Amino acid sequence: MKKVFVTIIILSLFLSACGREPEPTVAATEPSAAATVPSTESSGTTEPGETDPSDNCATPGFDAAEYDAYLQQFTADKVPENFVHYEHIRWIGELEYFGCPFYVESEAYDESFKLYLYYLHDEYDCRLLLTISKEGFRDRINGQPTSAVNLADLRCLTEESEGRTYYTHGDLNYLYNDGKISSVLWRSNGLTFELYEEESGIVGYPAEYTDSFMGELLCAETANEALEKFLTAINAPIPET
């Protein structure tokens, strides 16, 4: 069901970006990602997990096989200030796909890059989605605050809960839907970062993977250090490829 909700919102956001009105949906509070993202559903011609980005809005999108084209397109003089390059986050996982659904071919780069995203496979082959947007583009921290958490494992709340809730730990915000975690969100450099696990949802991220970026975020004892590592990486000069 979570994948269905995510797919609905991705489609809704894409149609809006193309100037088309989306069909009404009751899933408006589910995670918003982007338009030209690789599908996780089988179409009969694409195996699940393969990328099949569409380009109906002249949206730049690059998969791992097109990494050289990505590098040429997103050089330092072609992106807005504080742009997060893949080389900044390579340590989180291997690149599957990059997408930028609101890109327009003009000099208004800040507007073009109000949302972009990376699909990554971490060291345990879990499929992560990191969305990056201009702060204020979408107010994602909503619902009721909660303290009913297990600090050693932030996947689920420790008491029954309906609807959207959130738990704030330092600069990190853990978003829950019906008591189960849906994403982790933080803000820095005027940008909003939101991390999802696409295949089974963060709630299904294996508990034994404690040394990955996602695993460290899911434990309060290691979460702040993991975030500090991330912020140090994205504020460093672009690493050489």
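Note that the coordinates shown come from a computational prediction; the quantities given were computed from them, not determined experimentally.

Some details on helix 6 (residues 220–234)
Right, so step 1: The terminal C-alpha atoms of helix 6, which comprises 15 residues, lie 22 Å apart, in line with the 21 Å expected from a rise of 1.5 Å per residue.
Right, so step 2: All buried positions along helix 6 are accounted for by A220, A223, A226, L227, F230, L231, A233 and I234. End-on, the buried residues of helix 6 take up no more than an arc of 155°, which puts them together on one face. Those residues of helix 6 that are exposed and aimed more than 90 degrees away from the buried face are E221 and E225.

Examining the pattern of salt bridges
Right, so step 1: The full count for this structure, using the stated rule, is four salt bridges.
Right, so step 2: Its salt-bridge partner being E87, residue R90 comes within 2.6 Å of it at the nearest N-O pair.
Right, so step 3: Note that E96 is salt-bridged to R127, the shortest N-O span being 2.9 Å. Here the residue E96 occupies a position in strand 2 (residues 94–99), and R127 occupies one in strand 4 (residues 127–134), the gap between them amounting to 31 residues.
Right, so step 4: With a relative accessible area of 7%, E96 lands in the buried category.

Some details on the confidence of the model for the chain
Right, so step 1: Summary statistics for the chain give a mean pLDDT of 77 and a share of 71% for residues scoring 70 or more.
Right, so step 2: The model gives residues 1–57 a pLDDT under 50, and that stretch makes 87 contacts with residues more than four places away or in other chains.

Thoughts on the pairing of strand 9 (residues 172–177)
Right, so step 1: Where burial is concerned, most of strand 9 is hidden: five out of the six residues are buried.
Right, so step 2: Pairing between strand 8 (residues 164–169) and strand 9: six bridges, direction antiparallel. Each bridged residue has a counterpart across the sheet, and for T165 the counterpart in strand 9 is Y176.
Right, so step 3: Hairpin connection between strand 8 and strand 9: a loop of two residues separates the two successive antiparallel strands, and G170 in this loop has a positive phi of roughly 65°.

Remarks on the packing of aromatic side chains
Right, so step 1: According to the stated counting rule, one finds 27 aromatic pairs in the structure shown.
Right, so step 2: On the numbers, 5.4 Å between centres and 50° between planes, the contact of Y70 with F74 is tilted.
Right, so step 3: Measuring from centroid to centroid gives 6.3 Å for Y167 and Y174, while their planes differ by 35°, and the two rings are tilted. Y174 matches Y167 in its accessibility class, with the two residues each being buried.
Right, so step 4: Here the aromatic cluster, defined as three or more aromatic residues joined through ring pairs, consists of F62, Y67, Y70, F74, F83, Y86, F98, F113, Y116 and Y118.

Side note on the environment of E162
Right, so step 1: Within the fold, E162 resides in the loop between strand 7 (153–157) and strand 8.
Right, so step 2: Put simply, E162 and N177 are 15 residues apart on the chain and 7.1 Å apart in space, counted from C-alpha to C-alpha.

The rules behind the values
- Residues numbered from 1 in each chain as written.
- Predicted model: local features only at pLDDT ≥ 70, side-chain atom pairs only at ≥ 80, totals over all residues.
- Heavy atoms only, no water.
- Helix = DSSP H or I, 4+ residues; strand = E, 2+ residues; numbered from the N terminus.
- Expected span 1.5 Å × (residues − 1).
- Buried < 20%, exposed > 50% of the residue type's maximum accessible area, 1.4 Å probe, protein only.
- Arc of directions from axis to C-beta.
- Salt bridge = Lys/Arg side-chain N within 4 Å of Asp/Glu carboxyl O.
- pLDDT = per-residue confidence, 0-100.
- Contact = heavy atoms within 4.5 Å.
- Pairing = 2+ DSSP bridges.
- Phe/Tyr/Trp six-rings, centres within 6.5 Å; stacked < 30°, edge-to-face > 60°.

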